[in-house]
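# Structural overview
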Amino acid sequence: MLRRSVAGATAVVLVVEAAVLGFVHLVLGRTTANQSMSIAGADPDVMSKATYALGAGMAAFLLACAVFLVMSAVRDRAPGTFARVLLVSAAVTHGVLGALVVGLVGWGAFAAMMLILCLLVLSLTLYAAKGAAGADGAGRGADGPDAPGDGPEIRDTPPGHPLADFGDFGKFGDVKPTSP
């Protein structure tokens, strides 16, 4: 239940962020077009259209991340490889932007970026923990212990002594360090 809640909350936050970023880029593009500003001789029309395109691209990226999180929450399964790569890239982007925004905008924007970063990482790690245990919870997939692609078996008890398989070390009990 926690996985679904976190993935759903992260999706909602990403949709809100996509709307805010789209609106900000729309305002910036209109301002650039209305002012007819030129920075270092660049064409104002190109700058405003590039701002619109960047805002639309960022909004589409965040909406795609939100869609994959909603799909994971509804199915209660880990996202696929492409979705995982997309979500990891969103997390890295939020981390880098958080580091930049603290100096440019302030601590409030930094806190918002870190909140979104934490939600993304938590969504990824909660579904990774479920996927590591396998379908039956014992580290084996639904097809049995020898199914291809299954990871190592997960045990509830720790394995034996680490030096038990190395000759005479196993006979003398625990190996204790000696002082010089």
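In case you missed it, the structure is sitting above this.
We now turn to the structure provided with this report. (Residues numbered from 1 in each chain as written. Predicted model: local features only at pLDDT ≥ 70, side-chain atom pairs only at ≥ 80, totals over all residues. Heavy atoms only, no water.)

## Considerations on the layout of surface pockets
Threshold: Site definitions follow a grid-based scheme: protein atoms alone, a 1 Å grid, a 1.4 Å probe that fits but cannot get out for cavities, and for pockets an open set with protein on both sides within 12 Å along at least five of seven lines, plus lining residues having an atom within 4 Å of a point. Grid points are joined across faces, edges and corners, and a volume is the space filled by probe spheres set on the points. Secondary structure elements are taken from DSSP: a helix is a run of H or I of four residues or more, a strand is a run of E of two residues or more, and numbering for both begins at the N terminus. Each residue is assigned to one of three groups, with Ala, Val, Leu, Ile, Met, Phe, Trp, Tyr, Cys and Pro labelled nonpolar, Asp, Glu, Lys and Arg labelled charged, and all others, Gly among them, labelled polar.
Taken as a whole, the largest pocket encloses approximately 340 Å³ of empty space. In this structure, the largest pocket is lined by 14 residues; those nearest its centre are Leu21, Val101, Val105, Ala109 and Met113. Among the elements of the structure, α1 (2-35), α3 (81-104) and α4 (107-133) are those that each provide at least two residues to the lining of the largest pocket. Top contributing element to the lining of the largest pocket by residue count: α1, with five residues. Grouping the constituent residues of the lining of the largest pocket by class yields 13 nonpolar, no polar and one charged.

## A word on a nonpolar patch on the surface
The following threshold applies: Patch membership requires more than 30% relative accessible area and the absence of a salt bridge. Residues of like charge join within 9 Å; the nonpolar side chains Val, Leu, Ile, Met, Phe, Trp and Tyr join within 5 Å. Note on areas: Shrake-Rupley with a 1.4 Å probe; residue coverage comes only from the protein chains shown. What makes a salt bridge here is a side-chain nitrogen of Lys or Arg within 4 Å of a carboxyl oxygen of Asp or Glu, nothing more. Each residue is placed in one exposure class: buried if its accessible area under a 1.4 Å probe, protein chains only, is under 20% of its type's maximum, exposed if it is over 50%, and partly exposed if it falls in between.
Nonpolar side chains collect at one region of the surface, where Val12, Val16, Val20, Phe23, Val24, Leu26, Val27, Leu28 and Tyr52 lie side by side and expose about 770 Å² of accessible area between them. By residue number, the principal contributor to the nonpolar patch is α1, which donates eight residues. Secondary-structure assignment places valine 27 in helix α1. Of the residues examined, valine 27 reaches a relative accessible area of 38% and is grouped as partly exposed.

## Looking at the environment of leucine 28
Note on placement: leucine 28 falls in helix α1. Along the sequence, leucine 28 and methionine 47 sit 19 residues apart, while their C-alpha atoms lie 9.8 Å from each other.

## Some thoughts on the packing of helix α2 (residues 44-75) against α3
When two helices pack together, you describe them by how their axes are tilted relative to each other and by the distance separating the axes. Operational definition: In this description, a line fitted to the C-alpha atoms serves as the axis of each element, helices being fitted only across the stretch in contact, and the angle between N-to-C directions of two axes falls anywhere from 0 to 180 degrees. Our angle categories are set so that under 35 degrees counts as roughly parallel, over 145 as roughly antiparallel, 65 to 115 as roughly perpendicular, and the remainder as oblique. Crossing handedness is defined as follows: a turn of the near helix away from the far one that is anticlockwise and smaller than a right angle gives a left-handed crossing, while the clockwise case is right-handed. We call two residues contacting when some pair of their heavy atoms lies within 4.5 Å.
Axis separation between α2 and α3 bottoms out at 10 Å; the angle between their running directions is 130°. Classified by the angle between their axes, α2 and α3 sit oblique to one another. The two elements α2 and α3 cross, and the hand of that crossing is left-handed. Counted together, Phe61, Leu62, Ala64, Cys65, Phe68 and Leu69 of α2 and Phe82, Ala83, Leu86, Leu87, Ser89, Ala90 and His94 of α3 form the full contact between these two elements. The residue makeup of the contact of α2 with α3, split by class, is 11 nonpolar, two polar and no charged.

## Focus on α1
Applicable threshold: Between the first and last residue of a helix there are one fewer steps than residues, each counted as 1.5 Å, and that sum is the expected span.
With 34 residues, α1 should cover 50 Å at 1.5 Å per step; its first-to-last C-alpha distance of 49 Å lies within 8% of that length. Where α1 is concerned, the buried positions are Val6, Ala7, Thr10, Ala11, Leu14, Glu17, Ala18, Leu21, His25, Gly29 and Thr32. Backbone geometry just after α1 places serine 36 at a positive phi near 55°.

## A short note on the pattern of salt bridges
For the coordinates displayed, the defined rule picks out two salt bridges. Among the ionic pairs, arginine 3 bridges to aspartate 76, the shortest N-O distance being 3.7 Å. Placement of arginine 3 in helix α1 and of aspartate 76 in the loop between α2 and α3 is noted, with a sequence separation of 73 residues between them. Accessibility expressed as a relative area gives 23% for arginine 3, which makes it partly exposed. Exposure remark for aspartate 76: the relative accessible area of 18% places this residue in the buried category. Through salt bridges with shared partners, one network takes in Arg3, Arg4 and Asp76.

On their own, these measurements won't tell you what the molecule is for.
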